[in-house]
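# Descriptive structure summary
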Amino acid sequence: MLAAARSLHRLSSSSSSSSARSLRRVLHPPPLPSSAPPPLPPLRTLTRALLPHLAAAPRFSTASCSTSVPSRLGECGGSQGPPAIPEEAEGDEAEEAAGALVRHDTDAYAAVELALDSVVKVFTVSSSPNYFLPWQNKAQRESMGSGFVIPGKRIVTNAHVVADHTFVLVRKHGSPTKYKAEVQAVGHECDLALLTVESEEFWDGMNSLELGDIPFLQEAVAVVGYPQGGDNISVTKGVVSRVEPTQYAHGATQLMAIQIDAAINPGNSGGPAIMGDKVAGVAFQNLSGAENIGYIIPVPVIKRFISGVEESGKYSGFCTLGISCQATENIQLRECFGMRPEMTGVLVSRINPLSDAYRILKKDDILLEFDGVPIANDGTVQFRNRERITFDHLVSMKKPEETAALKVLRDGKEQELSVTLRPLQPLVPVHQFDKLPSYYIFAGFVFIPLTQPYLHEFGEDWYNASPRRLCERALRELPKKAGEQLVILSQVLMDDINVGYERLAELQVKKVNGVEVENLKHLCSLVEGCIEENLRFDLDDEKVIVLKYQNARLATSRVLKRHRIPSAMSSDLVEEQATNGEIEASCTS
């Protein structure tokens, strides 16, 4: 799974990449023979004619197109494409067929015009935190992506297009003007974001796109966006190859995705995949090392994201059951847990203590059904005609605080249970976009909560390059209570006070003066509120740090000045300390 996640690439493009590409010019075509069909429409019209033809073929045929120059793009392939006029058709039949063909072309061009007046180019200036030096950011960078307008004067794009943004601009097709945009909501798990533009001038002539449904296999789609290789809009075509839960590279989550064979390149991120006159998905990543394997976010995920924002005013997250399951494909395993031959289900092997399932389910339960849908022995459920997907998709489509009906087999007896679903935060956060890292510095010791972005600072091969023990905990440990963090000593800023402790970096802090550390805020309060002469930290491997408390406090300001660090703690800890101070003051008064 880790290897697969690393091979998926997000598709926003660097601003400097497209200008370096060499382009091939198209020479003037030779004159057409007198018997050839009428000439093709101009390039702009041809590009616009591409999209609706694809959409009009809900069941795309793999039959190759004619080698002769077609008089209409719609004549090429597609089992339900524009109707052909039979040679033997005469009179009314020929007129009806010709009329249907004209109506198809009219609808097709209208659909293209709608799409091109809805797709925008997104320009982002971003600055990511430096997790090795959490009090400062990395150099800002510029990137580009795509987006499209939906009802309500909102723009949908990818979360990774605007992640860690400091400034966002959008430009509509055919306009030289860029307009400032604000990020209304971001869902990094589903890699989606909503933008708004205040300028009324921007919305003049803009059309909104309607969301469609999940396309069937081999249905044709067209991806519209602004990929690298040029500055103008681009349209590429392809067909649906696969529909199943997939690892989202940006948010490192498993959600439904649609695999297509259309060319999706850096810069396509956030652009719509069009089928007919509606959106079938949002382009967001491709598979490196493979040819023409791209992925789009399907409409159910998009609708779930938008509805959550509309109901709560912010991104609400995707629900999880909070359990780990094992397939029961082995007949001996099924017999051991009392499953009858007609029963199917999965074995519950681990339960997150923070989930509602922790009080409902038990280890070694057999989960037979979810909301009345039977679960197969491999963990899949029926999806459309002769397709199957993992039952996690049913869970992820639930809204927070919704309940689900479970049927389980426990000790050989079937039971009907009800569980409340909600988003769950892992013990070690997978991402930390759009927020500053937390840190606390005391006597040159830099304490931080363990996060995967910190491990990513060790390079592309972070899984092997980062500290092994921290990596294993980040990927496998579950939280025992809400708000729990793994606090680590990330580095030692050298000073006379900490000489001899410099080799204790990258170890977890277990206790402060004998009190177990719950999170970074708790560690900060324990240190700041110390009333003893000595301050003791207990670390991994039974390592110990002991400091004279008053000398260490004086050394802290000295270290901060030497390393030009503006504050001994991050802004969230400063606010926490200020709040605690106000509470204490009110209590004493």
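Residues numbered from 1 in each chain as written. Predicted model: local features only at pLDDT ≥ 70, side-chain atom pairs only at ≥ 80, totals over all residues. Heavy atoms only, no water.

An unreviewed UniProt entry annotates the protein as Protease Do-like PDZ domain-containing protein of Arundo donax.

### Describing the overall build of the protein
Along its length, the protein carries 15 helices and 31 strands. Considering only contacts within the protein whose residues lie at least 6 apart along the sequence, 65% involve residues at least 24 apart. Accessible surface, the protein as shown: approximately 29,300 Å² in total, 50% of it carbon and sulfur. (Helix = DSSP H or I, 4+ residues; strand = E, 2+ residues; numbered from the N terminus. Contact = heavy atoms within 4.5 Å. Areas by Shrake-Rupley, 256 points an atom, 1.4 Å probe, with all protein chains shown as cover.)

### Section: the nonpolar core
Within the largest apolar cluster, 38 residues are counted, with the highest numbers of intra-cluster contacts made by Ile260, Leu361 and Leu367. Discounting residues that sit within four places of it in the chain, leucine 361 has contacts with Ile323, Ile351, Leu406, Val408, Arg410 and Leu417. Leu209, Ile233, Val279 and Val282 belong to the second largest nonpolar core, which has 33 residues in total. (Core = buried A, V, L, I, M, F, W, Y, C linked by side-chain atoms within 4.5 Å. Buried < 20%, exposed > 50% of the residue type's maximum accessible area, 1.4 Å probe, protein only.)

### Let's talk about the pairing of strand β21 (residues 380-383)
Where β21 and strand β22 (residues 387-390) come together, four bridges link them in antiparallel fashion. Its bridge partner lying in β22, phenylalanine 383 is registered against glutamate 387. Counting the residues between successive antiparallel strands, the hairpin from β21 to β22 contains three residues, one of them, arginine 384, with a positive phi of roughly 55°. (Pairing = 2+ DSSP bridges.)

### Side note on the environment of asparagine 232
Along the polypeptide, asparagine 232 turns up in the loop between β11 (220-225) and β12 (234-248). Setting aside chain neighbours within four positions, we find asparagine 232 in contact with Gly225 and Tyr226.

### Considerations on the packing of aromatic side chains
Counting across every chain of the model gives 16 aromatic pairs. Relative to tyrosine 454, the ring of phenylalanine 132 lies with its centre 5.6 Å away and its plane at 80°, an arrangement referred to as edge-to-face. A residue pair is termed long-range when its members are at least 10 positions apart, and phenylalanine 132 in the loop between β3 (119-126) and β4 (141-150) and tyrosine 454 in helix α10 (residues 452-456) qualify at 322 residues. Exposure remark for phenylalanine 132: the relative accessible area of 31% places this residue in the partly exposed category. Put simply, the rings of Tyr440, Phe442, Phe445, Phe447, Tyr501, Phe537 and Tyr549 pair up and form one aromatic cluster. The positively charged end of arginine 384 is found above the aromatic ring belonging to phenylalanine 216, 4.5 Å away from the centroid. (Phe/Tyr/Trp six-rings, centres within 6.5 Å; stacked < 30°, edge-to-face > 60°. Lys NZ or Arg CZ within 6 Å of the ring centre and 35° of its normal.)

### Digging into the pattern of salt bridges
Applying the stated rule across the entire model yields 32 salt bridges. Within this structure, Arg340, Glu342, Glu369, Lys407, Glu414 and Glu416 form a network of salt bridges that share partners. (Salt bridge = Lys/Arg side-chain N within 4 Å of Asp/Glu carboxyl O.)

### Section: unusual backbone geometry
Phi at arginine 386 is positive, roughly 60°, even though this residue is not glycine. Judged by its relative accessible area of 79%, arginine 386 falls in the exposed class. Positioned with a positive phi, arginine 564 is a non-glycine residue whose angle comes to about 55°. Here arginine 564 shows up in the loop between α14 (549-562) and α15 (571-588).

### Quick word on helix α12 (residues 468-476)
For α12, the complete set of buried residues consists of Leu470, Cys471, Arg473 and Ala474. All buried residues of α12 lie within an arc of 165° about the axis, which places them on one face of the element. The secondary structure elements touched by the buried residues of α12 are α10, α11 (462-465), β27 (487-492) and β28 (507-512). (Arc of directions from axis to C-beta.)

### A word on the pairing of β11
Burial analysis of β11 places six of its six residues in the buried class, which makes it a mostly covered element. Taking every second residue as pointing to the same face, both faces of β11 are buried, with Ala220, Ala222 and Val224 on one and Val221, Val223 and Gly225 on the other. Across six bridges, the pairing between β11 and β12 is antiparallel. By the bridge assignment for β12, alanine 220 is matched with valine 239. Across two bridges, β11 lies against strand β14 (residues 272-275) in antiparallel orientation. Directly across from alanine 222, in β14, lies its bridge partner isoleucine 274.

### Re the environment of glutamine 491
By the element assignment, glutamine 491 lies in strand β27. For the pair glutamine 491 and alanine 505, spaced 14 residues apart in sequence, the C-alpha separation works out to 4.9 Å. Within the local environment of glutamine 491, its side chain forms a polar contact with the backbone oxygen of phenylalanine 132, the two atoms lying 2.6 Å apart. (Polar contact = N/O pair within 3.5 Å; in protein donor to acceptor, adjacent residues only side chain to side chain.)

### Some points on the confidence of the model for the protein
With 79% of its residues at a pLDDT of 70 or more, the protein shows a mean pLDDT of 82. Counted against residues more than four places away or in other chains, residues 1-6, with its pLDDT under 50, gives eight contacts. Segment residues 583-589 is flagged for pLDDT under 50; beyond a separation of four residues in sequence, or across chains, it makes zero contacts in the model. (pLDDT = per-residue confidence, 0-100.)

### Thoughts on the environment of glutamate 189
Along the chain, the position of glutamate 189 falls in the loop between β8 (182-187) and β9 (192-196). As for glutamate 189 and tyrosine 248, which are separated by 59 residues in sequence, their C-alpha atoms are 7.6 Å apart. Of note is the side chain of glutamate 189, whose polar atom sits 2.9 Å from the side chain of tyrosine 315.

### Considerations on helix α13 (residues 520-528)
Every buried residue of α13 is accounted for by Leu520, His522, Leu523, Cys524, Leu526 and Val527. Measuring from the backbone nitrogen of lysine 521 back to the side-chain oxygen at the start of α13 gives 3.3 Å, which picks out asparagine 519 as the cap.

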